[in-house]
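# Structural overview for review
This is what each chain is made of:
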Amino acid sequence: MKKLLALLLVLVLVFSVVACSKPEEKKEEPKQEEKKEEAKEEKKEEPKEEASIKVGFITDTGGIDDKSFNQSTWEGIQKFKADMGLPEDSVSFLQSNTEADYNPNLAQLADKKLNVIVAAGFKFTDAIAQAATDYPEQHFLIIDSVVDSPNVISAVFAEHEGSYLVGLAAGLKMKEAGQTVAGFVGGEDFDIIQKFEAGFEQGVKAIDPSFEVKVEYAGSFVDAAKGQTVASKLYDSGAYVIYHAAGNAGNGVIKEAKDRVQSGKDVWACGVDRDQYEEGVYEDGKSVILTSMLKRVDTAAYDVCKLEAENKFKGGVMVFSLENNGVSLPAENPNLKPEWIKTIDEYKEKIINKEIEVGTTPIRKQ
């Protein structure tokens, strides 16, 4: 009897073990197509982490605080940093005191393997072309010139269109004051500065073809004293409004206008690149700046930095014109009458709609 019970107990134990030990299910291997899709997903580019974005800026010889071209570009980079919440050391700049600094400054920043390097000005053309070849993985932005390379974005502007609007404003003010002569001060006599000159002339003459525009070049984008000297010459020769495209030298033009107004003279100046109204203030918030031609180099710098952050940087040319607000007058113009602004806006629409074509060649070159 005891043997029978023992045998039954063994059988129960064996049955329990067999019942509880189900064979392990075999996992199905992913199909070849699924493996390929997973590999594609892994390779898919994601936007760069914000903290990884590093931007370098190299000024032209006018300096970082020229209240014009360089400063506006740097402000665009600073705005990008602020909007992205980047740390302070994510952006940096090197100042070029002479053109001989361009190549070493570019090499210094490129050796740091920054995400994008911004160079302000057409004088960088050869240096950027060389750097783009020497550092093919480095991304560059050059402003005011075209460098044909897959790692370079070239930002160019319709300066003549924006300057036409400034010419209209000057012409309207001259007409009201019974004046017939305007002036233009360029920094150095290059094609790109001639576009400012040409547009301004055409705008002034659109108000009255008999109006005269006298032209002087300071021979520098840096020397404010030279800018003031040529402005003085123009005012003495009868110019009522002077428009400058001279960088830091243009600050001398504004100073000459302020000095004359404070001594009782009735003269005006027009700013460039950024709204220079504040630079022209002389008392009680009054300014000698009639208006300014905004050249949105800040927008160009910001937009390209953003493309880099989104992994969308692609070499090529970006054009900034009246149509995309790349050039314009300031939103607020305290020294322009509402009816003048209305007239200027009407001309602006005609330019955008191709009813008016603004030339790029100044009268003296025709």
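Note: the structure precedes this text.
Residues numbered from 1 in each chain as written. Predicted model: local features only at pLDDT ≥ 70, side-chain atom pairs only at ≥ 80, totals over all residues. Heavy atoms only, no water.

### Points about the overall build of the protein chain
Definition in use: Numbering of helices and strands runs from the N terminus; a helix is a DSSP stretch of H or I covering at least four residues, while a strand is a stretch of E covering at least two. The buried label applies to any residue whose accessible area, calculated with a 1.4 Å probe on protein chains only, is under 20% of its type's maximum; exposed applies above 50%, and partly exposed to all values in between. In this description, contact between two residues means that some pair of their heavy atoms is separated by no more than 4.5 Å.
Looking only at helices and strands, one finds 11 helices and 14 strands in the protein chain. In the protein chain, which comprises 366 residues, the share counted as buried stands at 51%. Put simply, of all contacts in the protein chain between residues at least 6 apart along the chain, 69% involve residues at least 24 apart.

### Side note on helix α4 (residues 102-110)
Condition: Each direction from the helix axis to a C-beta atom contributes to the arc, which is the arc of those directions.
Listing the buried residues of α4 in full gives Y102, N105, L106, L109 and A110. Relative to the axis of α4, the buried residues are bounded by an arc of 130° and lie together on one face. Looking at the packing, one finds that the buried side of α4 touches β1 (55-58), β2 (91-94), β3 (116-120), α5 (125-134) and β4 (139-143).

### Things to note about empty space enclosed by the protein
We count it as follows: Grid spacing is 1 Å over the protein atoms alone, the probe is 1.4 Å, and a cavity is where that probe fits but cannot get out, while a pocket is an open set with protein on both sides within 12 Å along at least five of seven lines and lining residues have an atom within 4 Å of a point. Grid points are joined across faces, edges and corners, and a volume is the space filled by probe spheres set on the points.
For the structure shown, the criterion picks out two cavities of 30 Å³ or more. In this structure, the largest cavity is lined by 20 residues; those nearest its centre are F69, I193, F221, G247 and D273. Broken down by secondary-structure element, the contributors of at least two residues to the lining of the largest cavity are α3 (69-84), α7 (191-207) and β9 (268-273). Here the element with the most residues in the lining of the largest cavity is α7; it accounts for three residues.

### Things to note about the side chain of S287
Topologically, S287 is positioned in strand β11 (residues 286-287). In this structure, S287 is in contact with W268, Y277, G280, V281, Y282 and N335, ignoring residues within four places of it in sequence.

### Overview of the packing of aromatic side chains
Convention followed: Planes of paired rings set the category: under 30 degrees apart is stacked, over 60 is edge-to-face and the rest tilted, where pairs are Phe, Tyr or Trp rings (Trp by its six-membered ring) whose centres lie within 6.5 Å. Geometrically, a charge over a ring is one whose NZ (Lys) or CZ (Arg) sits within 6 Å of the ring centre while staying within 35 degrees of the ring normal.
All chains considered together, the criterion is met by 10 aromatic pairs. Ring geometry for Y102 versus F124: centroids 4.0 Å apart, planes at 25°, classification stacked. Linking Y102 in helix α4 with F124 in the loop between β3 and α5, this pair joins segments that are 22 residues apart in sequence. Of the two residues, Y102 and F124, both sit in the buried class. Clustering of aromatic rings is evident, with ring pairs tying together F184, F200, Y217 and Y243. For the cation-ring pair, K350 lies above Y347, with the distance from its terminal atom to the ring centre recorded as 5.7 Å.

### Some points on the sheet that holds β2
Neighbouring strands of a sheet are bound in pairs by backbone hydrogen bonds; such pairs are parallel or else antiparallel. Here is the rule we go by: Only strands that DSSP links by at least two bridges are regarded as paired with each other. In this description, a line fitted to the C-alpha atoms serves as the axis of each element, helices being fitted only across the stretch in contact, and the angle between N-to-C directions of two axes falls anywhere from 0 to 180 degrees.
The parallel open sheet is built from six strands, whose spatial order is β2-β1-β3-β4-β5-β13. Strand pairing shows two members of the sheet lacking a second neighbour, β2 and β13 (316-320), which therefore form its edges. Taken over all neighbouring pairs, the strand axes of this sheet differ in orientation by 20° on average, direction set aside. Sheet topology places β4 next to strand β5 (residues 152-157); four bridges connect them, and they run parallel.

As far as function goes, none of this settles anything; it's purely spatial.
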